[in-house]
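Coordinate analysis (summary)
Each chain, written out:
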Amino acid sequence: MVYTWRASDLRLLLILTVFLVADSAVSSFVDGKQMLNSSTPPTEGSSSLSALVNTKVVLPCPPIAYTTLILVTWKIMIRDKTPCSRAYRKDQNLTTESNCTDETTTWASRPDQNPELQIDPVATTPDGYYVCQAVTSEGNFQHVFHLQVLVPPEVTLFLSENRTAVCKADAGKPAAQISWTPEGVCVLEEEYQGDGTVTVLSVCHWEGDNVFTVTCSVSHATGNKSLNLELLPKDSITPGRDASEFMLLLYITRTAMIFQMMLDWICHKPQPSPSTSYKCIEILKKYIFFSVLTMHN
């Protein structure tokens, strides 16, 4: 999977490099016993891992004989957060942690039985590096995981005015890719959210009457989706006009009924004068006029 590096990713990688170099260059002692030695660098491995949001992911340590284990440490470096570490020392059956505030990231089980780390559930933000360091009587081992969280976007397609369609891929991670069939005159916008997700909006216009149906295709690491939409001819009414005219007619009809009741009470008295009847009719005409004007606005 292609991963786009940004400034924050490079800073995180630099922190990881300095962290690991310093960790391997400096000896660590527990009760006077040397646990890590710079003259015997750890056997390293690395891999990239993608996890779907709201799922569970388990990160294993390097394969070692558990009977030889002395100390295992997980170092977690997430973008824009203080590095966290969790450790288990076998000879004392002791677990420790430092700067770890995320309750969803824990030991998968008892570290004296299995030193795997789990994230349950995966949120939208724990992208970063997860490093397992194991110290054994047979040597030191280390594995680095680069975790990327995937969030499927919510896709919608709707018709705007003047043969223009709008396709939206909301809150996806990474950003979704939008394409149209047939191609039109399009404008693309991307909006980055605080949780790392991206909303992509594509607005496309087709001028000719020879295009009747358009397809919006959204490509994403979590899956692809296509939606179809029929365009209205140029000489057709704009979307929603039928409903607006129907509501206008209903509004006028109900208004006329109410005014008829008022006229019956005000104007239809025994032997109304011509001037009174004329005024009632003028009032009714003005009310209907302003009602129609209000509905159009």
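Above this text is the structure in question.
Residues numbered from 1 in each chain as written. Predicted model: local features only at pLDDT ≥ 70, side-chain atom pairs only at ≥ 80, totals over all residues. Heavy atoms only, no water.

Points about the state of the cysteines
What makes a disulfide is a covalent bond joining the sulfur atoms belonging to two cysteines. Taken as a whole and assessed by the stated rule, the structure comprises 4 disulfides. Here cysteine 61 connects covalently by a disulfide to cysteine 132, the sulfurs 1.9 Å from one another. Classification of the bridge connecting cysteine 61 and cysteine 132 rests on its S-S torsion, roughly 95 degrees, and on that basis the disulfide is right-handed. With cysteine 61 in the loop between strand S4 (57-59) and strand S5 (69-78) and cysteine 132 in strand S10 (residues 128-136), this pair connects stretches of sequence that are 71 residues apart. When sorted by exposure, cysteine 61 lands in the same class as cysteine 132, which is buried. Here cysteine 186 is linked by a disulfide to cysteine 204, with a sulfur-sulfur distance of 1.5 Å. (Disulfide = S-S within 2.5 Å. Helix = DSSP H or I, 4+ residues; strand = E, 2+ residues; numbered from the N terminus. Buried < 20%, exposed > 50% of the residue type's maximum accessible area, 1.4 Å probe, protein only.)

Concerning the side chain of histidine 220
Mapped onto the fold, histidine 220 is located in the loop between strand S17 (213-219) and strand S18 (225-230). With a relative accessible area of 10%, histidine 220 lands in the buried category. From its side chain, histidine 220 meets the backbone oxygen of valine 151 in a polar contact 3.4 Å long. Looking at histidine 220, its side chain comes within polar contact range of the side chain of threonine 222, at 2.8 Å. Discounting residues that sit within four places of it in the chain, histidine 220 has contacts with Val151, Pro152, Pro153, Gly172, Lys173, Pro174, Ala175 and Ala176. (Polar contact = N/O pair within 3.5 Å; in protein donor to acceptor, adjacent residues only side chain to side chain. Contact = heavy atoms within 4.5 Å.)

Digging into the pairing of S5
Counting buried positions along S5 yields 10 of 10 residues, so the element is predominantly enclosed. Examined bridge by bridge, S5 and S10 share 9 bridges and lie antiparallel to one another. By the bridge assignment for S10, tryptophan 74 is matched with cysteine 132. When S5 meets strand S6 (residues 84-89), the two strands line up antiparallel, connected through 6 bridges. Of the residues in S6, the one forming a bridge with isoleucine 76 is cysteine 84. Hairpin connection from S5 to S6: 5 residues lie between these consecutive antiparallel strands, with aspartate 80 at a positive phi of about 65 degrees. (Pairing = 2+ DSSP bridges.)

Remarks on the packing of aromatic side chains
One pass over the structure, following the stated rule, counts 2 aromatic pairs. Aromatic pair tryptophan 74 and phenylalanine 145: ring centres 6.4 Å apart, planes at 25 degrees, arrangement stacked. With tryptophan 74 in strand S5 and phenylalanine 145 in strand S11 (residues 139-150), this residue pair connects regions lying 71 residues apart in the sequence. Like phenylalanine 145, tryptophan 74 is buried. Residues tryptophan 180 and tryptophan 206 carry aromatic rings whose centres are separated by 5.3 Å and whose planes lie at 70 degrees to one another, so their mutual orientation is edge-to-face. Residue tryptophan 180 is located in strand S14 (residues 177-181), and its partner tryptophan 206 is located in the loop between strand S16 (198-205) and S17; the two are separated by 26 residues in the primary sequence. We note that tryptophan 180, like tryptophan 206, is buried. (Phe/Tyr/Trp six-rings, centres within 6.5 Å; stacked < 30°, edge-to-face > 60°.)

Some points on the sheet that holds strand S9 (residues 117-119)
One open sheet holds the 3 strands; their spatial order is S4-S9-S8, and the pairing between them is antiparallel. At either end of the open sheet lies a strand with only one pairing partner, and these are S4 and strand S8 (105-107). Neighbouring strand axes in the sheet, compared pairwise and without regard to direction, differ in orientation by 25 degrees on average. Here S8 runs beside S9; their pairing, made up of 3 bridges, is antiparallel. (Axes fitted to C-alpha atoms, helices over the stretch in contact; angles between N-to-C directions.)

Here we look at unusual backbone geometry
Between lysine 173 and the following residue, proline 174, the backbone shows a cis peptide bond with an omega angle of -5 degrees. A cis amide bond, omega -5 degrees, links threonine 181 with the succeeding residue proline 182. If you trace the backbone, proline 182 turns up in the loop between S14 and strand S15 (185-192). Not every positive phi belongs to a glycine, and asparagine 93 is a case in point at roughly 50 degrees. Within the chain, arginine 163 stands out as a residue other than glycine whose phi angle is a positive 55 degrees. Here arginine 163 lies in the loop between strand S12 (154-159) and strand S13 (164-172). On the basis of relative accessibility, which here comes to 7%, the residue arginine 163 falls in the buried class.

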